[in-house]
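# Structural features, examined
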There are 2 protein chains.
Amino acid sequence: MTNAETILIIDDEVQIRRLLEITLSANGYKISEASTGKDGLIHAATTHPVLIILDLGLPDADGIEILKKLREWYLKPIIILSVRNSEEDIIHALDNGANDYLTKPFRTGELLARIRVAIRQSQGTSDDPILTFGSLTIDLASHTVRKKNEILKLTSTEFSLLALLAKNEGRVLTHQFILKEIWGMGYLEQTQYLRVFMAQLRKKVEDDPAKPTLLNTESGIGYRFGG
Amino acid sequence: MTNAETILIIDDEVQIRRLLEITLSANGYKISEASTGKDGLIHAATTHPVLIILDLGLPDADGIEILKKLREWYLKPIIILSVRNSEEDIIHALDNGANDYLTKPFRTGELLARIRVAIRQSQGTSDDPILTFGSLTIDLASHTVRKKNEILKLTSTEFSLLALLAKNEGRVLTHQFILKEIWGMGYLEQTQYLRVFMAQLRKKVEDDPAKPTLLNTESGIGYRFGG
DNA sequence: TGTAGAATATAAATAATTTATAAAGAATAA
DNA sequence: TTATTCTTTATAAATTATTTATATTCTACA
C-alpha cells in the first residue's frame, strides 16, 4: 500500500487532531499527525502526504514560517485551519502559498468538500488505479482489460468474474463464494456456469488456455488468480 | 493588453458589480459583467475570462445549474459569491466544480487574495478545451464538432452525449450514468433513447457506422469512447 | 502405481436478452 | 406554416447466458 492518500495534520490541539482523525479516516484518508512545526516539517518530508492541514497557532514557531518552509519544496495543497480571523492573517497566509483558509470552529462537511477541491486540482489528469499482471492490465474504474495493450472484449459477467479473482490475487476462492458474489444466492449449485465462464475467460486471457498461469483451478475447492 | 486578465462577474446586484468592478480594476484586472445566468454563459463563451465570479442567487436560473453548464467546457477557476451560508449549499457548490466559496458580505482583500490563489493554481491549465481524436475534433467551448475540418451538424443532445463520452475517453460509462448526466434523474429507464441517439451519432461521426471505432458498445453495461 | 469415480474443461446448440436501425408520430422552434 | 428535433414503436440483428453433451483431468485408495 502506498502513502498516496495520506493527509498530514499539523496542530497542537489534541481535540482538533482527534476530531480530524476520526472525520478523515471515516472518509477513506490515511492520517499522519504532528503537534509542533518542527515535527510537522519532518513528517511532511518523510510521509509525502497528498495534502497538509496546518494550524497557524503552533507553540514552537509562527505558522506562516512553517508554511514558507514547506513551500520551498512541497507542491501539493496546504489548507490553513486557524482561530485567527483577521483579514490580514488570511491574506498573508494565502499569499504565502496556502491553498485555502478555514477559521475555527469549522464545519467538518465543508472542510471535507474543500479537501476534495484541493486534491481534485492538484491531480492534473487523474489516472485510474490499474491492476497489472505481466502483460495483462485490469482497470477497475474504466472497466477495461488489456492484454499487450490490446483491449480485450469481455462480457459484463466475464469482467466481474475476472475482477473478483484478480482483486483476490493468490487467494483461493471457493465455488460457492464466487457464485454468490457474481450470480447471487440462488445460484450456489450452478458450478457448471463457473466452468463454462472460466473456460471462456482463459481462452481470452491466457497465452495458452490449456496451461493457465493466471486462472488456476483448485480441484474440489474453487479457483485462484495467479500464484 | 490582451484579454488574458479578464475576470467575468455574474451577479444580479448592481451594487456588488460596481464594488467588484472598482476593486478588481484597481488591481489590474479587466472586467466583464453579466446580470443573468443566460447572459453569463454567453459572456463566458465569448470573452474567455481567466476566472469567473458567480453569484448563486440569480433571477433567471439556479446558480448551481449555471455552474454545471460552465463546467461542461470552462476549465479555469470559478469562485462562488453568495448570501447562502448553509453548509449544504457550500458543499454542493464545491462538489459541482467551484474552486472557492465566499459568503456575502465579503472582505474585498480576502476576495483578492483568493483570486490570486485561484489564478496561481490555474496557471498551466491548457487554454482552449478542444478534444482531438484522429480527424475528429470536439470544441467544448464553441459547441462545434469537426471531421476532417468539415463542421458536423449535431443537435444539442447529440453534442452533449458525444462530449460526455469523449471527455471520458477509454472509460466505460453505464447507461444509467449517461442518462442521468444528459437527460436527468427521471430518465434512468430510457435506455432506448440512448440507442437511438448513439445510432444517430455513429451515422454522423463514424467512417463506417456499422463498425464503430470511437463509439463502442459494451453490451449489458453501456458505451465507451475510443480505446 | 493403476484404476474407478468424481470433478473439470470445452465445444456446440439453444434460449434469452440486448442492441441497432428505420420510420412514424409528437412536440417545439423559427 | 415549415423544418427540426425529440420520442415512441416495430422489427431485425447481434450478443450473451444457459443448457447439453462429451472428453479430459484429477484424486483417493486398493
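The model shown is predicted, which means the values in this text are computed figures rather than measured ones.

Along chain A, the regular secondary structure elements total eight helices and 12 strands. Rg of the C-alpha trace for chain A: 24 Å, well past the compact-globule value of 17 Å for 227 residues, more than 25% over. By principal-axis analysis of the C-alpha atoms, chain A measures approximately 70 × 35 × 25 Å. Expressed as a percentage of the 227 residues in chain A, the buried residues total 44%. For chain A, the share of sequence-separated contacts (at least 6 apart) that also reach a separation of at least 24 residues comes to 54%. Carbon and sulfur atoms provide 51% of the accessible area of chain A, an area that totals close to 11400 Å². Charge-centre separation for chain A: the mean point of 27 positive side chains lies 9 Å from the mean point of 30 negative side chains.

Quick look at the protein's contact with DNA strand C now. The environment of DNA strand C is formed by 22 residues, the closest being Gln192(A), Thr217(A), Gln192(B), Arg195(B) and Thr217(B). Counting only atoms of DNA strand C within 4 Å of the protein, the fraction found in sugar and phosphate groups is 71%. Gly220(A) is positioned with one of its backbone polar atoms (N or O) 2.6 Å from a phosphate oxygen of DNA strand C. Those elements that provide at least two residues to the surface near DNA strand C are helix H8 (191-205) of chain A together with helix H8 (191-205) of chain B. Considering each element in turn, the surface near DNA strand C owes the most residues, six residues, to H8(A). For the surface near DNA strand C, the residue count by class is six nonpolar, 10 polar and six charged.

With that settled, consider the domain arrangement of chain A. Looking at chain A, the domain boundaries give domain 1 (6-123) and domain 2 (130-225). Each of domain 1 of chain A and domain 2 of chain A has a C-alpha centre, and these two points are 43 Å apart.

The subject of this paragraph is helix H1 (residues 14-26) of chain B. All names here are of chain B. Its 13 residues place the ends of H1 18 Å apart at the C-alpha level, agreeing with the 18 Å of an ideal helix rising 1.5 Å per residue. For H1, every residue scored as buried is listed here: Ile-16, Arg-17, Leu-20, Thr-23 and Leu-24. All buried residues of H1 lie within an arc of 140° about the axis, which places them on one face of the element. Those residues of H1 that are exposed and angled more than 90 degrees off the buried face are Gln-15, Ile-22 and Ala-26. Following H1 by one or two positions, Gly-28 adopts a phi angle in the positive range, close to 90°.

The next subject is the packing of aromatic side chains. Summed over all chains, the structure comprises 10 aromatic pairs over all chains. In this structure an aromatic cluster arises from ring pairing among Trp183(A), Tyr187(A), Tyr193(A) and Phe197(A).

Close contacts around DNA strand D come from 19 residues, with Thr157(A), Tyr193(A), Thr155(B), Thr157(B) and Tyr193(B) the closest. Across the atoms of DNA strand D situated within 4 Å of the protein, the share located in sugar and phosphate is 83%. Measuring from a phosphate oxygen of DNA strand D, one finds a side-chain N or O atom of Thr157(A) at 2.4 Å. Gln192(A) has a polar side-chain atom sitting 3.3 Å from a base oxygen of DNA strand D. Mapped onto the surface near DNA strand D, the elements with two or more residues apiece are H8 of chain A together with H8 of chain B. Broken down by class, the residue content of the surface near DNA strand D amounts to eight nonpolar, 10 polar and one charged.

Quick look at the sheet that holds strand E3 (residues 51-55) of chain A now. Residue and element names in this part refer to chain A. Reading across from one edge, E2-E1-E3-E4-E5 is the order of the five strands in this open sheet, with parallel pairing throughout. Every other strand in the sheet has two partners, leaving strand E2 (30-34) and strand E5 (100-103) as the edge strands with one partner each. Between one strand axis and the next, the sheet turns by 20° as a mean value, whatever way the strands run. The strands touched by helix H3 (residues 63-71) are E3 and strand E4 (78-82); relative to E3, the strand with the most contacts, the crossing angle is about 160°. Together, E4 and E5 form the strand contacts of helix H4 (residues 87-95), whose direction differs from that of E5 by roughly 150°.

What counts, and where the lines are drawn
- Residues numbered from 1 in each chain as written.
- Chains lettered and ligands numbered in written order.
- Predicted model: local features only at pLDDT ≥ 70, side-chain atom pairs only at ≥ 80, totals over all residues.
- Heavy atoms only, no water.
- Helix = DSSP H or I, 4+ residues; strand = E, 2+ residues; numbered from the N terminus.
- Rg over C-alpha atoms; globule rule 2.2 N^0.38 Å.
- Buried < 20%, exposed > 50% of the residue type's maximum accessible area, 1.4 Å probe, protein only.
- Contact = heavy atoms within 4.5 Å.
- Areas by Shrake-Rupley, 256 points an atom, 1.4 Å probe, with all protein chains shown as cover.
- Lys, Arg positive; Asp, Glu negative; His and termini not counted.
- Charge placed at Lys NZ, Arg CZ, Asp CG, Glu CD.
- Near = heavy atom within 4 Å.
- Polar contact = N/O pair within 3.5 Å; in protein donor to acceptor, adjacent residues only side chain to side chain.
- Nonpolar A, V, L, I, M, F, W, Y, C, P; charged D, E, K, R; others polar.
- Domains from an automatic or database assignment.
- Expected span 1.5 Å × (residues − 1).
- Arc of directions from axis to C-beta.
- Phe/Tyr/Trp six-rings, centres within 6.5 Å; stacked < 30°, edge-to-face > 60°.
- Pairing = 2+ DSSP bridges.
- Axes fitted to C-alpha atoms, helices over the stretch in contact; angles between N-to-C directions.

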